[in-house]
Amino acid sequence: MADHDSRIVSLSAQQVRDLLCMKDVIRVVESGLANFSKGPDGGVVQPVRSVVKIDKPDGQTGQGFFGVMPAYSADDNILACKIVSFYPGNAKYKKATHMANIMVYDPKYGELKAIMDGEVITAMRTAAASAVATKWLVPKTEEKLVLGILGAGVQARSHYEALKVIYDFSEVRVWSLTMESAMKCADELGGVACLTAEDVVRGADIVVTATFAQTPILKKIWVKPGAHINAVGACRADWSEVDPELMRDSVVYVDSKEAAMKEAGDIIISKADIYAEIGEIVNGSKEVKTDPITVFKSLGLGIEDAVTGKLAYEMYLAKSTKP
């Protein structure tokens, strides 16, 4: 963190996007997850996110959610908090479904140092966490892999950007509720749009589920042995994207066991066993298990926002002080 300074930096979405590169975000998120999973020895203090449910916001149907995600890391010398609103129904109005801001503080003095857009960071750090999990659970080989993506929104695109840092793909397949959105996303990624989720998943080495589905869209019968799944959607206790049978028959990894048992419908509904936090694999406290299928159930952690927000702030300071 920079020396004592009363200035508060404000960073827009475009500024954050210009300051960060996915490779660096993967690096800091990997370190943050490793420290988080060390427990008290890792120096990370982070409660499960606090969420206020908002029933039927004005002019809309459905629900909204307002969350607060603070985190402190002694090792990273960072104190930060993300404020996020999640309104799934906004999609029909062509408005953002996720809106967020991140506040970065000086942990020594408690002073606010920066306020920055949190949507870009949320997209990047979520995908970076999946990339970390995939890197540890899917050994890189000379062969190019097949990537299947269920969903065609921001997370579909950011996951492709993160995973291509680590892997070369022979094929990228995309499915969405509408063929139009699947085709648009696939075109941007240099992939192919599929008519069904099954067409995406069969034969895929890595599968990403990043949808607003509240009931399973990914069936066990479609998934080949040895495949890895990054399950990113279904962030509520009563929502699920993944077939409960598939969850129970896979080796399940999470970002946070505590959060998963409170928020992850894919785990709560299926009653699947959690083998490990992915940070436990990174820090060496657990051995990797991959047979027959691996699932990384991601919920998103405040520590991921904190380390990425600090990275953006430090990149800004480095650029602004150049002669």
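Up top is the structure.
1. Some thoughts on the sheet that holds strand E11 (residues 206-209)
Paired through their backbone hydrogen bonds, the strands of a sheet run either parallel or antiparallel.
So, point 1. Pairing within the open sheet is parallel, and its 8 strands lie in the order E10-E9-E8-E11-E12-E15-E13-E14. Two strands bound the open sheet, and with one partner strand each, they are strand E10 (192-193) and strand E14 (274-277).
So, point 2. Where strand E8 (residues 145-150) lies against E11, 4 bridges are found, and the strand directions are parallel. Paired with Leu150 across the bridge in E11 is Thr209.
So, point 3. Against the sheet, helix H5 (residues 179-189) contacts E8, strand E9 (169-175) and E10, and its axis sits at roughly 155 degrees relative to E9.

2. Focus: unusual backbone geometry
So, point 1. Residue Pro292 follows Asp291 across a cis peptide bond; omega there is 5 degrees.
So, point 2. Within the secondary structure layout, Pro292 lies in the loop between helix H10 (278-282) and strand E15 (294-297).
So, point 3. Backbone geometry at Ala234 places phi at a positive 50 degrees, although glycine is not the residue there.
So, point 4. Tracing the chain through its elements places Ala234 in the loop between strand E12 (228-231) and helix H7 (244-248).
So, point 5. Overall, the relative accessible area of 2% leaves Ala234 in the buried class.
So, point 6. In this structure, Lys271 takes a positive phi of about 60 degrees despite not being glycine.

3. What to know about the packing of helix H2 (residues 22-36) against helix H4 (residues 154-166)
So, point 1. Between H2 and H4, the shortest axis-to-axis distance is 9 Å and the interhelical angle comes to 80 degrees. As summarised for this structure, H2 and H4 are arranged roughly perpendicular, according to the angle between their axes. Contacts between H2 and H4 pair Met22, Lys23 and Ile26 from the former with Ser158, Glu161, Ala162 and Val165 from the latter.
So, point 2. Here the contact of H2 with H4 is built from residues that sort into 4 nonpolar, 1 polar and 2 charged.

4. Thoughts on the side chain of Thr294
So, point 1. Inspection of the secondary structure puts Thr294 in strand E15.
So, point 2. Note on Thr294: relative accessible area 2%, which makes it buried.
So, point 3. Within the local environment of Thr294, its side chain forms a polar contact with the side chain of His228, the two groups lying 2.7 Å apart.
So, point 4. Setting aside residues no more than four positions away along its own chain, Thr294 makes contact with Leu137, Ala227, His228, Ile229, Val251, Tyr253 and Lys289.

5. Overview of the packing of H2 against helix H3 (residues 119-137)
So, point 1. In contact at an axis separation of 8 Å, H2 and H3 are set at 70 degrees when each is read in the N-to-C sense. Classified by the angle their axes make, H2 and H3 are roughly perpendicular. For the pair formed by H2 and H3, the contact residues are Met22, Val25, Ile26, Val29, Glu30 and Leu33 on the first element and Met124, Arg125, Ala127, Ala128, Ala129, Ala131, Val132, Lys135 and Trp136 on the second.
So, point 2. Of the residues belonging to the contact of H2 with H3, the class tally is 12 nonpolar, no polar and 3 charged.

Procedures and definitions
- Residues numbered from 1 in each chain as written.
- Predicted model: local features only at pLDDT ≥ 70, side-chain atom pairs only at ≥ 80, totals over all residues.
- Heavy atoms only, no water.
- Pairing = 2+ DSSP bridges.
- Helix = DSSP H or I, 4+ residues; strand = E, 2+ residues; numbered from the N terminus.
- Contact = heavy atoms within 4.5 Å.
- Axes fitted to C-alpha atoms, helices over the stretch in contact; angles between N-to-C directions.
- Buried < 20%, exposed > 50% of the residue type's maximum accessible area, 1.4 Å probe, protein only.
- Parallel < 35°, antiparallel > 145°, perpendicular 65-115°, else oblique.
- Nonpolar A, V, L, I, M, F, W, Y, C, P; charged D, E, K, R; others polar.
- Polar contact = N/O pair within 3.5 Å; in protein donor to acceptor, adjacent residues only side chain to side chain.

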